[in-house]
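Each chain, letter by letter, is given below.
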Amino acid sequence: MSNSDKPLKGYTILELAGIGPGPYAGQLLSDLGADVTVVDRAPSGNPAMDMAGIDARGKKSIIVDIKSAEGAEIILKLAAKSDILIEGLRPGVMERLGLGPEACHARNPKLIYGRMTGWGQEGPWSKMAGHDINYISMTGALNAIGPANAPPPPPLNMIGDFGGGSMFLVTGLLAALLKAEKTGQGDIVDASIIDGTASLMSFIHGMAGRGQWQAQRAANLLDGAAPYYRCYETADGKYMAVGCIEKQFFTEMMDRLPIDKDEYGKQNDFSKWSAQHEMLAKVFASKSRDEWEAIFALTDACVTPVLNYQEAATHPVNVKRNAYIQNGSWNHPQMAPRFSGSAIYDEFTLTPKGSDGHKILNELGYDENDITKLADANIVSIKKD
């Protein structure tokens, strides 16, 4: 389907290719209807940089050597026509290329200049390398995850890159866009993963302030210490997720388990939590995951199967919501959130890198002779039809 009924229809995004949170932020904006152009790099031989992921869906692509003066001029011309620019290079790099906020705002004062980094634009570590696991390690988030007597496990890169990074970048970009529409003045959005992840920890700090959270792992309500908020292995080596925090939901679970309630004891009797863990583990190990799912389906017990990503795409609950779309070898999660006035997507497309270069350059005013010269000088890479 087209973007014609999406809330960001008519807005133009310029994204400088990167990995992780910047491209995913661009994907979210594209899903919401924005016209996103990615300035890709020529193949480098680095698989992490050259892979085309789902975060490229719905975007246009042009390959430009932004280190050259001619390439930088192409970027400035694109910025002049854009509402938002997204870049994820280390602090100072865009300025050295002549593509920093000052240069871009000289061409387009209303531009929202989005900067995605790990450590922020300023600070003692601002120019130091890092990855998701490093950023979340500095916020308390990583230390709060996992068993008490083992190293914290890497929680994929959901918390830092995409939670503390992409989501806060998108929030900042949209807020600045609203401001620009009122004032005509652009802005610079400094979105750092360490700042965003620290904000995600607000709930934990709030609980700690009330004396309801300890720094020790596996000692708190939501970190696996509570027998009613954790996962249990089933007879077939799979798992069920138990999350019945509230009394009424806990009662629903207990009513469906073959457990002596008097022997089990009260829900929040901390002295019995260890024994209660063992009792629940033994019970859940007595049936398969599918059997337990059938027992708890359509109840308020807050007990659900733990699915892998392939199972999630075919589970009836997700299928009914059209939560995934299969396009060739790609399994696309549906756009989120959904809007009352907009249909959800029934297909997604992944445009090959550089395939829109010729058209984009034409729209910027470059004629065929100009484009040939740029291609011959390896300033741009033009895909042949």
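Below or above, wherever it landed, is the structure these notes cover.

Criteria and thresholds
Residues numbered from 1 in each chain as written. Predicted model: local features only at pLDDT ≥ 70, side-chain atom pairs only at ≥ 80, totals over all residues. Heavy atoms only, no water. Helix = DSSP H or I, 4+ residues; strand = E, 2+ residues; numbered from the N terminus. Buried < 20%, exposed > 50% of the residue type's maximum accessible area, 1.4 Å probe, protein only. Contact = heavy atoms within 4.5 Å. Areas by Shrake-Rupley, 256 points an atom, 1.4 Å probe, with all protein chains shown as cover. Lys, Arg positive; Asp, Glu negative; His and termini not counted. Charge placed at Lys NZ, Arg CZ, Asp CG, Glu CD. Pairing = 2+ DSSP bridges. Axes fitted to C-alpha atoms, helices over the stretch in contact; angles between N-to-C directions. Patch = residues over 30% accessible without salt bridge, like charges linked within 9 Å, V, L, I, M, F, W, Y side chains within 5 Å. Salt bridge = Lys/Arg side-chain N within 4 Å of Asp/Glu carboxyl O. Parallel < 35°, antiparallel > 145°, perpendicular 65-115°, else oblique. Nonpolar A, V, L, I, M, F, W, Y, C, P; charged D, E, K, R; others polar. Polar contact = N/O pair within 3.5 Å; in protein donor to acceptor, adjacent residues only side chain to side chain.

The next subject is the overall build of the chain. Within the chain, the regular secondary structure consists of 17 helices and twelve strands. In terms of overall dimensions, the chain has C-alpha extents of about 85 × 45 × 45 Å along its principal axes. Looking at the chain residue by residue over its 385 residues, the buried ones come to 42%. Counting contacts in the chain only where the partners sit at least 6 residues apart, residues at least 24 apart contribute 64% of the total. Here the chain displays about 20,100 Å² of accessible surface, and carbon together with sulfur accounts for 55% of that area. Of the side chains in the chain, 37 bear a positive and 46 a negative charge, and the two mean positions are spaced by 2 Å.

The next thing to look at is the sheet that holds strand β8 (residues 239-243). Strand order in the open sheet made by the three strands is β7-β8-β9, with antiparallel pairing throughout. Because the sheet does not close on itself, it has two edges, and the strands there are β7 (229-233) and β9 (303-305). Neighbouring strand axes in the sheet, compared pairwise and without regard to direction, differ in orientation by 25 degrees on average. As paired strands, β7 and β8 are joined by five bridges and run antiparallel to one another. Paired with cysteine 231 across the strands is alanine 241, a residue of β8.

On the surface, Trp125, Met128 and Met138 cluster together into a nonpolar patch covering about 290 Å² of accessible area. Here methionine 128 shows up in the loop between β5 (112-117) and α6 (132-137). Residue classification places methionine 128 among the partly exposed residues on the basis of a relative accessible area of 39%.

What follows covers the packing of helix α7 (residues 158-183) against helix α8 (residues 193-200). In a packed pair of helices, the relevant descriptors are the angle between the two axes and the axis-to-axis distance. The geometry of α7 relative to α8 is characterised by a closest axis approach of 8 Å and an angle of 95 degrees between their N-to-C directions. Here α7 lies roughly perpendicular to α8, going by the angle between them. On the side of α7, the interface is formed by Ile159, Gly160, Asp161, Gly163, Gly164, Gly165 and Phe168, while α8 contributes Ile193, Gly196, Thr197, Ser199 and Leu200. Partitioned by chemical class, the residues of the contact of α7 with α8 number four nonpolar, seven polar and one charged.

Once that is clear, we can look at the sheet that holds strand β4 (residues 84-87). Taken together, seven strands build an open sheet; the order of strands is β6-β5-β4-β1-β2-β3-β12 and the sheet is mixed. A single partner strand is all that each edge strand has here, and the edge strands are β6 (187-192) and β12 (380-381). With three bridges connecting them, strand β1 (residues 12-16) and β4 associate as parallel partners. Within β4, the position partnered with isoleucine 13 by the bridge is isoleucine 84. The sheet strands contacting α7 are β4, β5 and β6, and the helix crosses β5 at an angle near 165 degrees.

What follows covers the environment of lysine 60. On the secondary structure map, lysine 60 appears in strand β3 (residues 60-64). By relative accessible area, lysine 60 is classed as partly exposed at 23%. Residues lysine 60 and valine 36, spaced 24 residues apart in sequence, show a C-alpha to C-alpha distance of 6.2 Å. The contacts of lysine 60, once residues within four sequence positions are left out, are Asp35, Val36, Thr37, Val38, Asp356 and Ile360. A polar atom in the side chain of lysine 60 sits 3.4 Å from the side chain of aspartate 35.

This brings us to the environment of histidine 131. Residue placement: histidine 131 occurs in the loop between β5 and α6. C-alpha of histidine 131 to C-alpha of isoleucine 360: the two residues are 229 residues apart in sequence and 33 Å apart in space.

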